[in-house]
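A closer look at the structure
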Amino acid sequence: MREPVPPVAVPDRPPAGSDLSPQQLLDLYRALLLPRLIEEKMLVLLRQGKLSKWFSGIGQEAIAVGVTAALREDDWILPMHRNLGVFTGRNVDLARLFRQLLGRDGGLTKGRDRTFHFGILEHRIVGMISHLAAMLPVADGLALAAVLRGEKRVAATFTGDGSTSEGDFHEAVNLAAVWKLPVLFVVENNQYGLSTPVSEQYACARLSDRAPGYGIAGETVDGNDLLAVHAAASRAAARARAGEGPTLLEFLTFRMRGHEEASGTAYVPKHLFEEWKVKDPIVRFESTLRERALLDDKKAAAMRADLKARIDALADEALAASDPHSTPEAELADVYAESRVREEAPSGEESEVRYIDAIHDALAEALRQDPRVVLLGQDIAEYGGVFKATQGLMDEFGKARVRNTPIIESGALGAALGLALDGFVPMVEMQFGDFVTCGFNQIVNNLAKTHYRWGARVPVVVRLPIGGGTGAGPFHSQNVEAWFTHVAGLKVVAPATPHDAKGLLLAAFQDGNPVLYLEHKQLYRSAKGKVPAGSYTVPLGKAAVVRQGDDVTVVTYGVGVAWALEAAARLGDEGFSVEVVDLRTLLPWDREAVVASVRKTAKALVLHEAPLTGGFGGEIAATLAKECFADLDAPVERLGALDTPVPFSKALEEIFSPRARLLPMLRTLLSF
Ligand SMILES: Cc1ncc(C[n+]2csc(CCOP(=O)(O)OP(=O)(O)O)c2C)c(N)n1
């Protein structure tokens with residue numbers, strides 16, 4: 001355990017709180033007391049077995065309360081697991097909050113997530129997920145939303161000392177610094193991350209020492225001094241509103257209880273509790289108020305009694321409520337927000353364009369149609385993206401809407417979530433689909449689960465240039481669909497033609513859910529076709545029969561469609577009739593169309609460029625085996641790449657790729 005390095009004294013500032021009226025000071029006292037008393041009640045309920053888990057913020061309340069009080073109601077706050085004071089400070093409906101905390105019906109997540117894992121947009125609160133630091137980039141997006149609208153709002157995002165070691169912390173602070181975003185990075189340094197003391201967590205003396213490294217303001221503040229917290233947060237918010245960018249605020253405090261109640265504190269030296277007990281924020285603020293003759297024993301006791309009675313009543317009411325109840329249908333219905341894709345048939349003049357041009361066209365059209373659309377990505381502005389999908393868009397739509405990010409994936413995806421929660425429709429371009437691994441958590445846990453958990457719409461499009469055949473090796477060639485088709489809450493599309501590339505991308509922008517758009521690099525300049533000018537949509541979740549046939553169905557998507565059509569033409573010359581179904585959307589996929597085709601042909605081959613094992617084809621094959629059991633004249637076949645990483649040498653990639661195995665496999669199937 002390292003001794004916390006105390007804040008630097010700055011002598012020429014007026015004393016903290018000198019700008020607050022007596023009534024404001026008393027209101028602050030009440031705001032500080034409320035979360036403490038609620039927590040004390042929760043600890044009793046925990047001991048009685050009426051609550052399953054509790055992460056205590058006792059002794060740390062001055063930070064959440066002081067920061068919340070220093071901000072305006074329209075500023076965003078992103079609290080963590082010890083920040084009850086944010087919710088009480090924002091006047092959240094306590095009856096609902098208690099039901100949420102006690103896991104009862106009528107809470108804020110319909111029983112789908114625990115304690116503080118929810119947001120309430122009308123209170124400008126965006127709650128946490130379990131993954132530490134994951135909300136920090138989201139704060140960047142919320143702050144960017146304010147900047148784009150020319151509003152003077154800030155976003156304050158909380159983190160513990162331990163979580164400052166996470167990559168998302170670095171990406172978020174750096175992004176906010178580079179874009180000068182109005183963000184308060186509020187670090188609650190309570191000296192421990194679970195059992196790990198700060199001496200094993202970081203090597204700088206103060207966490208605020210990191211601020212100059214990012215090129216931003218930072219300070220270390222006594223986090224148990226409510227007025228000092230309030231003053232520091234006010235200063236940081238004023239800087240942010242003045243366009244001076246983010247601040248890293250380190251608040252020194254101490255975790256007075258276990259990480260969570262069940263885990264104990266055996267690893268914490270006992271003397272620390274004694275030392276910090278006397279620095280308790282409530283005790284200290286009470287003495288300040290007494291010195292100013294604003295509080296006496298009688299007043300303090302009356303306030304406590306009043307709050308306690310209210311808390312007891314709230315707890316009784318919540319405990320009397322039933323467990324959350326639901327049905328499979330209701331659960332499934334809330335995974336996605338209602339789609340807002342407008343059915344729009346093409347009306348513009350057609351011209352022959354390449355797949356990459358169709359994507360470019362769709363991006364331009366989306367930016368034109370909807371002022372909420374914002375594009376984020378590496379090298380996408382002046383440079384136009386490594387594949388030139390965004391070429392010229394910055395000139396036409398401005399640098400505010402077509403934005404180069406630093407080399408970050410997680411940070412950009414998290415920022416996109418923030419933008420989406422504040423009403424924008426962001427798109428994030430992964431430079432190569434392979435690099436999405438660095439943003440995996442934001443996609444599968446943040447983007448995908450938000451609507452199901454607490455009902456917010458998440459209109460985010462993620463474009464991923466995927467696929468092989470270009471001799472680009474193991475890290476620039478992968479097909480990533482199966483990593484995501486397993487994740488409820490995402491939509492996944494994979495266009496095979498220029499026409500669908502444009503219509504599906506426009507639909508993805510309109511849908512209102514997180515949509516992963518898999519664009520195949522080999523098709524960029526090889527696939528050409530007629531594409532209507534202007535706006536039109538291809539519906540998500542609808543397959544297309546791209547070649548009619550009677551003898552066998554090939555179910556595929558992306559580059560597989562071209563391969564299947566090639567094979568079908570060859571076999572057609574030999575007198576076989578091959579039907580090709582292009583899935584177009586993988587999640588949700590069009591079971592009806594696929595099953596109907598296979599019932600007709602009685603034979604099926606499912607094809608994808610990705611390796612076979614665990615590939616998306618398994619899902620289709622399993623469905624067909626069940627749904628078409630009585631109609632099939634042969635077992636359902638699956639064809640994918642070898643179960644190896646994608647090799648670099650073109651000669652080896654030909655061995656890896658399923659392409660050359662398609663025709664022989666179809667012949668075997670046809671002769672079955
Ligand atoms: C990405 C991730 N890794 C590990 C954990 C498990 N975990 C939950 S809280 C915690 C300690 C967090 O410490 P700190 O950030 O200092 O916050 P504190 O709990 O002290 O307030 C850990 C390791 C997690 N939730 N998320």
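Everything below is about the structure shown above.
Brief notes about the pattern of salt bridges
Throughout the structure, instances matching the rule amount to 37 salt bridges. Ionic pairing is found between Asp 422 and Arg 149, a salt bridge with its closest N-O pair at 3.4 Å. Of this pair, Asp 422 sits in the loop between α15 (410-421) and β11 (425-429) while Arg 149 sits in helix α5 (residues 136-149); the two residues are 273 residues apart in sequence, bridging distant segments of the chain. The shortest N-O distance in the salt bridge between Lys 600 and Glu 579 comes to 2.5 Å. One end of the pair, Lys 600, is in helix α22 (residues 591-601); the other, Glu 579, is in strand β18 (residues 578-582), with 21 residues separating them in the sequence. Overall, Lys 600 belongs to the partly exposed group, its relative accessible area being 40%.

Some words on unusual backbone geometry
Across the junction of Leu 587 and Pro 588, the peptide omega takes the value 0°, indicating a cis bond. One can find Pro 588 in the loop between β19 (585-587) and α22. The phi dihedral of Thr 115 falls on the positive side, at around 25°, and the residue is not glycine. Residue position: Thr 115 is located in the loop between α4 (94-101) and α5. A positive phi angle, close to 55°, is found at Leu 194, a residue other than glycine. Take Leu 194: it is sitting in the loop between β4 (192-193) and β5 (196-197).

Things to note about the site of the ligand
The ligand sits among 15 residues. The nearest are His 81, Arg 82, Gly 162, Ser 163 and Tyr 192. Between the ligand and His 81 there is a distance of 2.8 Å, counted from an oxygen atom to a side-chain nitrogen or oxygen. Leu 132 has a polar backbone atom sitting 3.2 Å from a nitrogen atom of the ligand. When the residues that make up the shell around the ligand are grouped by side-chain class, the tally is three nonpolar, nine polar and three charged.

Here's the deal with empty space enclosed by the protein
In this structure the tally under the stated criterion is four cavities of 30 Å³ or more. Looking at the largest cavity, its volume works out to about 80 Å³. Contributing to the lining of the largest cavity are 13 residues, with Ile 466, Asn 479, Tyr 557, Gly 558 and Val 559 lying nearest its centre. For the lining of the largest cavity, the secondary structure elements donating two or more residues are β14 (515-520), α21 (559-573) and β20 (604-611). In terms of residue class, the lining of the largest cavity is built from six nonpolar, five polar and two charged. Roughly 60 Å³ of volume is contained in the second largest cavity. Taken together, Arg 2, Glu 3, Pro 4, Val 5, Asn 189, Gln 191, Val 198, Tyr 202, Ala 205, Glu 250 and Leu 252 make up the lining of the second largest cavity. Partitioning the lining of the second largest cavity into residue classes produces six nonpolar, two polar and three charged.

As for the pairing of β14
The element β14 is extensively covered by neighbouring structure, given that six of its six residues are classed as buried. In the sheet, strand β13 (residues 491-493) pairs with β14 via three bridges, with the strands oriented parallel. Paired with Val 492 across the strands is Leu 516, a residue of β14. The parallel pair β13 and β14, bridged by helix α19 (residues 498-511), forms a crossover whose chirality is right-handed.

With respect to a nonpolar patch on the surface
Together, Leu 642, Leu 652 and Ile 655 line one region of the surface with nonpolar side chains, adding up to about 260 Å² of accessible area. Here Leu 642 shows up in the loop between β21 (637-641) and α24 (650-656). On the accessibility criterion, Leu 642 (36% relative accessible area) is partly exposed.

What to know about the side chain of Glu 39
Tracing the backbone through its elements, the reader meets Glu 39 in helix α1 (residues 22-47). Residues in contact with Glu 39, not counting those within four places in the same chain, are Trp 54, Ser 56, Gly 57, Ile 58 and Leu 84.

Some remarks on the nonpolar core
Val 67, Leu 184 and Leu 624 are the most contacted members of the largest nonpolar core, which has 158 residues in total. No other element matches α1, which puts 13 residues into this core. When residues no more than four places from it in sequence are discounted, the contact partners of Leu 184 are Leu 71, Val 154, Ala 155, Ala 156, Thr 157, Ala 233, Ala 236, Ala 237, Ala 240, Thr 247 and Leu 249. Of all hydrophobic cores here, the second largest spans 60 residues; its members include Tyr 355, Met 394, Val 531 and Ala 567.

Some points on the environment of Ser 56
You can see Ser 56 is positioned in the loop between α1 and α2 (61-70). Each C-alpha atom of the pair Ser 56 and Leu 121 lies 25 Å from the other, and the pair is 65 residues apart in sequence. Discounting residues that sit within four places of it in the chain, Ser 56 has contacts with Glu 39, Arg 82, Arg 257, His 259 and Glu 261. At 2.8 Å, the side chain of Ser 56 forms a polar contact with the side chain of Glu 39.

Describing the environment of Tyr 202
Relative to the helices and strands, Tyr 202 is located in the loop between β5 and α7 (210-214). Excluding residues within four positions of it along the chain, Tyr 202 makes contact with Arg 2, Asp 161, Asn 189, Leu 207, Arg 210 and Glu 250. Among the polar contacts made by the side chain of Tyr 202, one reaches the side chain of Asn 189 at a distance of 2.9 Å.

What about helix α8 (residues 226-241)?
Between its terminal C-alpha atoms α8 stretches 22 Å, which fits the 22 Å expected from 16 residues at 1.5 Å a residue. Of all 16 residues in α8, 12 are buried, a share of seventy percent or more. Listed as buried for α8 are Leu 226, Leu 227, Ala 228, Val 229, His 230, Ala 231, Ala 232, Ala 233, Ala 236, Ala 237, Ala 240 and Arg 241. Where α8 is buried, its residues contact α1, α2, β3 (183-189), β6 (217-222), β7 (247-252) and α10 (281-291). Put simply, Asp 225 is the residue that caps the front of α8, since its side-chain oxygen is 3.1 Å from the backbone nitrogen of Leu 227. A positive phi of about 80° marks Gly 243, the residue just after α8.

Structural notes on the packing of α1 against α10
As a packed pair, α1 and α10 sit with axes 11 Å apart at the nearest point and diverge in direction by 160°. Relative to α10, the element α1 is oriented roughly antiparallel. For α1 against α10, the interelement crossing comes out left-handed. Together, Leu 25, Leu 26, Leu 28, Tyr 29, Leu 32, Leu 33 and Arg 36 of α1 and Pro 281, Ile 282, Phe 285, Glu 286 and Leu 289 of α10 make up the contact between the two elements.

Looking at the packing of α1 against α2
Between two packed helices, what matters for the description is the angle formed by their axes and the separation of those axes. For the pair α1 and α2, interaxial distance at closest approach is 10 Å and the crossing angle is 135°. Between α1 and α2, the angle is such that the two are oblique. Classified by chirality, the crossing of α2 by α1 is right-handed. Between α1, through Leu 28, Ala 31, Leu 32, Pro 35 and Arg 36, and α2, the contact on the second element is made entirely by Glu 61, Ala 62, Val 65 and Ala 69. Looking at side-chain class alone, the contact of α1 with α2 contains seven nonpolar, no polar and two charged residues.

Criteria and cut-off values
Each chain has its residues counted from 1, running along the sequence as written. Only residues with pLDDT of at least 70 are given local features in this predicted model, and only at 80 or more are side-chain atom pairs given and counted; all residues enter the totals for whole chains, interfaces and linings. Side-chain calculation: all heavy atoms of the structure are included, whereas hydrogens and water are not. Think of a salt bridge as a Lys or Arg side-chain nitrogen and an Asp or Glu carboxyl oxygen that are within 4 Å of each other. We count a stretch as a helix when DSSP gives it H or I for four or more residues in a row; a strand needs E for two or more, and each element gets its number in order from the N terminus. Think of it in three bands: with a 1.4 Å probe and only protein chains considered, a residue is buried below 20% of the maximum accessible area for its type, exposed above 50%, and partly exposed in between. Near is defined per residue: the residue qualifies when any heavy atom it owns lies within 4 Å of the molecule or strand. Polar contacts here mean pairs of N or O atoms no more than 3.5 Å apart (in protein, one a potential hydrogen donor and the other a potential acceptor; neighbouring residues in sequence count only if both atoms are side-chain atoms). Note on residue categories: nonpolar means Ala, Val, Leu, Ile, Met, Phe, Trp, Tyr, Cys or Pro, charged means Asp, Glu, Lys or Arg, and polar means any other residue, Gly included. Computed over the protein atoms alone on a 1 Å grid, cavities are sets of points where a 1.4 Å probe fits but cannot get out and pockets are open sets with protein on both sides within 12 Å along at least five of seven lines; a residue lines them when it has an atom within 4 Å of a point. Grid points are joined across faces, edges and corners, and a volume is the space filled by probe spheres set on the points. Between any two strands, at least two bridges found by DSSP are needed for them to pair. Here, the term right-handed applies to a crossover whose path from the first strand over the helix to the second runs clockwise when the strands point away from the viewer. Exposure above 30% relative accessible area and no salt bridge define the residues that can form patches, which grow by joining like charges within 9 Å and nonpolar side chains of Val, Leu, Ile, Met, Phe, Trp and Tyr within 5 Å. Only the protein chains shown count as cover for residues, and the accessible areas themselves come from Shrake-Rupley with a 1.4 Å probe. The contact definition used throughout considers only heavy atoms, calling two residues in contact when any of these lie within 4.5 Å. Think of a nonpolar core as a cluster: buried Ala, Val, Leu, Ile, Met, Phe, Trp, Tyr and Cys residues, connected wherever their side-chain atoms sit within 4.5 Å. Working rule for helices: expected span equals 1.5 Å times residues minus one. Here an axis means a line fitted to C-alpha atoms, over the contact stretch when the element is a helix, while the angle between two N-to-C directions is reported on a 0 to 180 degree scale. Just so you know how the angles are binned, under 35 degrees is roughly parallel, over 145 roughly antiparallel, 65 to 115 roughly perpendicular, and the rest oblique. Crossings are classed by handedness, with left-handed meaning an anticlockwise turn of the near helix from the far one by less than a right angle and right-handed meaning a clockwise turn.

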